[in-house]
Amino acid sequence: MLADLTLFSLKEHTEISVAILIVLELIVVWWNLKSPTQVYLVDFATYKPPPSYKKSSTKNIRELFKDQYSEELFDFQLRVFERSGVGEEAYWPPGIWNLEFTMENARKEAEVVMFGALDDLFAKTGITPKDVDILIVNCSLFCPTPSLTSMIINHYKMKPSIQNYNLGGMGCSAGVVSIALANDLLKARKNCNAVVLSTENITMNWYMGKRKSMLLSNTLFRMGCGAVLLTNKPSFRKSAKYRLLHVVRTHLGHRDDAYKSIYEEQDAEGIRGVALAREIPTVAGDAITVNLKTLGPLVLPAGEKLKVRHQRGVCCFP
């Protein structure tokens, strides 16, 4: 009789324990489904070229381009370089200094900067190329076939299931666009790693014509690349440097002045280049104003919002 009661008691306790475990598992599943996916920036890396790529801007401009431009245009280009802040220790791809603006040299420039940044990123984070689920590369002016993402996938022999996106022609906003895209993809897919690379390629985009608005673009970029690892894996929560909270972007492409402010075209002699319009500061200022109006309510505490609302002459947040 006592043995039967003990057996019944053990059986009853076991059933209760199993029921509690099932309820706890359901609570965990419900909580995971309800709570928004968190996106973390684990780490980042920037590529620094070897010393052999370092060139004095003004000295080499004098040596290489004096015979390419008229005296007036040469002096203009030199003045722009001196005032642009490029500096005397900037890194330049060999194709520029050799005046060999070829597809092969452009590919070499892309490979050097992208693989260099990625090698550093993989070393910092401890992940392998096969751990990457999403790959996004942005480069406005160099969009070869196969794409830059395919170049990376082939070099590192990444897995066939990787999702890759190659963004081109998006200018300085491409970095924000890439992060926004990675954020959306990570919110839609669980347990994924995303790598975002931002670079620009100047080998095939050096302007050798006579139009001053296009000569300005020669001072914008040098040799470099940045790589970022984003993830939604909870295991990275403690080791990640940052958590992504908001992505804000304003597109003013509906305005003609904004659309034509940075415009790739051919000059009167048929030489391709990127023209920079005088309207750029105005357009950029308008975009920043709209961005701040959007971002302000997301990040400011309630007290600061009230102060802004009551200040005259300052754009108020909704």
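Below: a short report on this structure. (Residues numbered from 1 in each chain as written. Predicted model: local features only at pLDDT ≥ 70, side-chain atom pairs only at ≥ 80, totals over all residues. Heavy atoms only, no water.)

## Let's talk about the overall build of the protein chain
Inference 1: A count of helices and strands for the protein chain gives 11 helices and 10 strands.
Inference 2: Here the protein chain holds 318 residues, and the buried ones make up 37% of them.
Inference 3: Partitioning the contacts of the protein chain with sequence separation of at least 6, the portion at a separation of at least 24 is 79%.
Inference 4: Here the protein chain displays about 18,700 Å² of accessible surface, and carbon together with sulfur accounts for 58% of that area. (Helix = DSSP H or I, 4+ residues; strand = E, 2+ residues; numbered from the N terminus. Buried < 20%, exposed > 50% of the residue type's maximum accessible area, 1.4 Å probe, protein only. Contact = heavy atoms within 4.5 Å. Areas by Shrake-Rupley, 256 points an atom, 1.4 Å probe, with all protein chains shown as cover.)

## Description of helix α3 (residues 71-84)
Inference 1: With 14 residues, α3 should reach 20 Å at 1.5 Å per residue; the first-to-last C-alpha distance of 20 Å fits that figure.
Inference 2: Of all the residues in α3, the buried ones are L73, F74, F76, Q77, L78, V80 and F81.
Inference 3: Once α3 finishes, G85 follows within two positions and takes phi at roughly 85°, a positive value. (Expected span 1.5 Å × (residues − 1).)

## Considerations on the state of the cysteines
Inference 1: One pass over the structure, following the stated rule, counts zero disulfides.
Inference 2: There is no disulfide at C143, and the cysteine sulfur nearest it, in C139, is 6.3 Å away. (Disulfide = S-S within 2.5 Å.)

## Regarding the sheet that holds strand β5 (residues 163-167)
Inference 1: One open sheet holds the six strands; their spatial order is β5-β4-β6-β7-β1-β8, and the pairing between them is mixed. Lying at the two open borders of the sheet, with one neighbouring strand each, are β5 and β8 (242-244). If you compare each strand with its neighbour and ignore which way they point, the axes differ by 25° on average.
Inference 2: In this structure, strand β1 (residues 39-46) lies alongside β8, joined through three bridges in antiparallel fashion. Its bridge partner being in β8, L41 is matched across the sheet by Y242.
Inference 3: Those strands touched by helix α5 (residues 103-125) are β1, β4 (134-138), β6 (193-199) and β7 (225-231), and its axis lies near 125° from that of β1. (Pairing = 2+ DSSP bridges. Axes fitted to C-alpha atoms, helices over the stretch in contact; angles between N-to-C directions.)

## Describing the side chain of S261
Inference 1: Tracing the sequence through the fold places S261 in the loop between α9 (256-259) and β9 (262-266).
Inference 2: Here S261 falls in the buried class, since its relative accessible area comes to 8%.
Inference 3: Among the polar contacts made by the side chain of S261, one reaches the main-chain carbonyl oxygen of A258 at a distance of 2.8 Å.
Inference 4: Beyond its immediate stretch of four places on either side in the chain, S261 contacts A275, L276, A277 and I280. (Polar contact = N/O pair within 3.5 Å; in protein donor to acceptor, adjacent residues only side chain to side chain.)

## Re the pattern of salt bridges
Inference 1: The final tally for this structure, using the stated rule, is eight salt bridges.
Inference 2: For R211, the salt bridge goes to E265, with nearest N and O atoms at 3.0 Å. Here R211 is found in the loop between β6 and α8 (212-215), whereas its partner E265 is found in strand β9, with 54 residues between them in sequence.
Inference 3: The exposure class assigned to R211 is partly exposed, which follows from its relative accessible area of 33%.
Inference 4: Between D257 and R255 there is a salt bridge, with the nearest N and O atoms lying 2.9 Å from each other.
Inference 5: On the basis of relative accessibility, which here comes to 22%, the residue R255 falls in the partly exposed class.
Inference 6: Linked by salt bridges that have partners in common, R255, D257 and D286 make up one network. (Salt bridge = Lys/Arg side-chain N within 4 Å of Asp/Glu carboxyl O.)

## Notes on the environment of S161
Inference 1: Within the secondary structure layout, S161 lies in the loop between α6 (148-156) and β5.
Inference 2: A relative accessible area of 52% places S161 in the exposed class.
Inference 3: Residues S161 and I134, 27 residues apart in the sequence, show an inter-C-alpha distance of 9.1 Å.

## Comments concerning α6
Inference 1: Within α6, burial applies to L148, T149, M151, I152, I153 and Y156.
Inference 2: In this structure, the buried residues of α6 make contact with α5, β4, β5 and β6.
Inference 3: Immediately downstream of α6, the backbone of K157 shows phi near 55°, a positive value.

## Things to note about the side chain of N183
Inference 1: For N183, the position within the fold is in helix α7 (residues 174-188).
Inference 2: Exposure remark for N183: the relative accessible area of 11% places this residue in the buried category.

## Comments concerning the packing of α5 against α6
Inference 1: Two elements in contact, α5 and α6, have axes whose closest approach is 11 Å; the angle formed by their N-to-C orientations is 60°. Taken as axis vectors, α5 and α6 run oblique relative to one another. Of the two possible hands of crossing, α5 and α6 adopt the one that is right-handed. Residue-level inspection shows R107, A110, E111, M114, F115, L118, D119 and F122 of α5 in contact with α6, the latter providing L148, M151, I152, H155 and Y156.
Inference 2: For the contact of α5 with α6, a count of residues per class yields nine nonpolar, one polar and three charged. (Parallel < 35°, antiparallel > 145°, perpendicular 65-115°, else oblique. Left-handed = near helix turned anticlockwise from the far one by under 90°. Nonpolar A, V, L, I, M, F, W, Y, C, P; charged D, E, K, R; others polar.)

## Points about the nonpolar core
Inference 1: Counting 34 residues, the largest nonpolar core has M114, L118, L135, I152, M158 and L197 as the members making the most contacts within it.
Inference 2: For this core, the leading source of residues is α5, giving nine residues.
Inference 3: Contacts of M114, omitting those with residues within four sequence positions, involve V137, L148, M151, I152, L197 and C225.
Inference 4: If you look at the next biggest cluster of nonpolar residues, it comprises 20 residues, including F65, A90, W92 and Y207. (Core = buried A, V, L, I, M, F, W, Y, C linked by side-chain atoms within 4.5 Å.)

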